[in-house]
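# Chain and residue survey
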Amino acid sequence: MTDNLFQPFSLNGTIHLDNRILMAPLTRCMSDANLVPTQDMVDYYARRADAGLIISEATIIRPDGQGYPNTPGLFTPEQITGWRKVTDAVHANGGKIFAQLWHTGRVAHPHFFNDGTVLAPSAIGIEGNVPRMRELTYVTPKAVTQDNIQQLVRDYSQAAANAIDAGFDGIEIHGANGYLIDQFLHHASNQRLDKYGGTPEKMSRFALEVVDAIIARIGHDRTALRLSPGAYFNMTGDKQDRDVFDYLLPQLEQRDLAYLHIGIFDDGMEFDYLEGRASDYVRRHYKNTLVGVGSYTPNMASTAIGDDRFDLIAIGRPFIANPDYVEKVRQDQPLTPYSDDMLSTLF
C-alpha cells in the first residue's frame, strides 16, 4: 500500500504539494552551448509535472562552477529566459518546480571556463577524470580567499533571485555530494585555519552564510538545502565530520527552511561515524521537513514515511524511465526499468 505517498503536504504557508513524491535533481547534460535550457528540456520537465515537486537538475551559479558538459546555468539573461519556458510549461501542467543551485568547487574543470582557476576551500584536489569527458583530468584547485568567499555568497544569492525571476517556486541549494559547499563541511577537503575551517562552527560558516543570504533575498519559505553528512562521492569520510553536522543541523532547523534533502545515492549505506544511515542520523538531529532519497521503491518509501523516517521521498532514475511515474505508482502499474542507454536522450 502506498496511499500515504499521495497525501497533500504543505512545506509551509506558501508552498503546498499535491503529493509526497518529488522528482530528484538529475544531471542530464542537455543544455545548449551557452548553457541555456532547450525545448527538449522544456518538454522533459513538463511531462513530469505530476510530481509533488520537481527539483531541477543541478544548475551552476556562475561560469567557474561548471564541472560537466552542457549543464545549465542561471547567471545570464538568456539562461533565465530559457528556464522561464521550463517553469511555465511545468506550471501549465499543474506542477511545481525548484531550481537546484550548484557550484562544483574542486570538481570544476578549467576547460569549461576559458582555462580559469578552479576554486575550493583548500588546495586539495581529487584524482580521476571528468565524467562524460574522460580526456579531462582534474586539476589541483586554489584555496579561496575570504574575498572570494564573500563573492560566492553574493553569487548564490543572485542566482536565487534569478531563479525566482525565471518562474521557479523556490530553490534548493546543492550542499551535498562532494561539491563546493560540501567541501567546506568535511575535514578531507577543508584544512583551512581561518574563520572558515578548523572547528565545526567555522567549517559550517560558509554554508550558513549562503543559506542566510538566500533567505534574505527570496525568503525562508522558498529556500531548501541538500546535505551529505556521510561522505561517499568525491569525498573521503572522517569521524570528525560528525561534529560539524551535529553543529550545523540545529542551526539549519532554526532557519525554518522549506525542506532539508539528504544527498545519497543509496540510503542503505551506513556510516560508522553517523551510527548508521545518513537519513536516520539527520532525522535524529533535525525535526523539520526532511526529504529522503536513495534507491527507494514506492513500497519502501511508503513504509519509511509511515515510520516517520522522513516526510517526503525524492525519486531519481525511475523518473528518467517513467515520465508518468506518479500515475503508474498510483495505479499500481509496472514501472519501466531504468537503463543507462536512456541518458542519451530526453523523453
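In case you missed it, the structure is sitting above this.
Residues numbered from 1 in each chain as written. Predicted model: local features only at pLDDT ≥ 70, side-chain atom pairs only at ≥ 80, totals over all residues. Heavy atoms only, no water.

### Observations regarding the sheet that holds strand 4 (residues 53–60)
We count it as follows: Any two strands between which DSSP finds at least two bridges are classified as paired. Here a helix means four or more residues in a row that DSSP labels H or I, a strand means two or more in a row labelled E, and each is numbered from the N terminus. Fitted lines through C-alpha atoms serve as axes, helices being fitted only where they are in contact, and the angles separating the N-to-C directions of these axes extend from 0 to 180 degrees. In what follows, a contact means two residues having at least one pair of non-hydrogen atoms within 4.5 Å.
Around the barrel, eight strands lie side by side as 3-4-5-10-11-12-13-14; this closed barrel has parallel pairing. On average, each strand axis in the sheet is inclined to that of its neighbour by 25°, with strand direction left out of account. Examined bridge by bridge, strand 10 (residues 170–175) and strand 11 (residues 223–227) share five bridges and lie parallel to one another. Bridging across to strand 11, Gly175 finds its partner in Leu227. On the sheet, helix 3 (residues 146–165) packs against strand 5 (97–102) and strand 10 and is oriented at approximately 155° with respect to strand 5.

### Looking at the environment of Thr345
Rule in force here: Throughout this description, buried means an accessible area under 20% of the type-specific maximum (1.4 Å probe, protein chains only), exposed means over 50%, and partly exposed covers the range between.
Locating Thr345 in the fold gives a position in the segment after helix 10 (325–330). Overall, the relative accessible area of 42% leaves Thr345 in the partly exposed class. Residues Thr345 and Gln100 lie 245 residues apart in sequence; the distance between their C-alpha atoms is 21 Å. The contact partners of Thr345, leaving out residues within four places of it in the chain, are Arg28 and Met30.

### Some details on the packing of aromatic side chains
Selection rule: Within 6.5 Å between ring centres, the rings of Phe, Tyr and Trp (the latter by its six-membered ring) count as paired, and their orientation is classed by plane angle as stacked under 30 degrees, edge-to-face over 60, tilted in between. Throughout this description, the term charge over a ring refers to an Arg CZ or Lys NZ atom that lies within 6 Å of the ring centre and within 35 degrees of the ring normal.
If you walk through the whole model with that rule in mind, you get 17 aromatic pairs. Between the aromatic rings of Tyr156 and Phe206, the centroid separation amounts to 6.3 Å while the plane-to-plane angle is 70°, which identifies the pairing as edge-to-face. Residue Tyr156 is located in helix 3, and its partner Phe206 is located in helix 5 (residues 200–218); the two are separated by 50 residues in the primary sequence. Owing to a relative accessible area of 0%, Tyr156 belongs among the buried residues under this scheme. We classify Phe206 as buried; its relative accessible area is 0%. Between Phe184 and Tyr196, the aromatic rings sit 6.4 Å apart at their centres with planes inclined by 70°, giving edge-to-face as the arrangement. On the criterion of sequence distance, the pair formed by Phe184 in helix 4 (residues 180–184) and Tyr196 in the loop between helix 4 and helix 5 is long-range, its members being twelve residues apart. Take Phe184: its relative accessible area is 1%, and that puts it in the buried class. Chaining the aromatic ring pairs together yields one cluster made of Tyr68, Trp102, Tyr179, Tyr232, Phe233 and Phe265. Over the ring of Tyr196 we find Arg205; its NZ or CZ atom is 5.9 Å from the centre of that ring.

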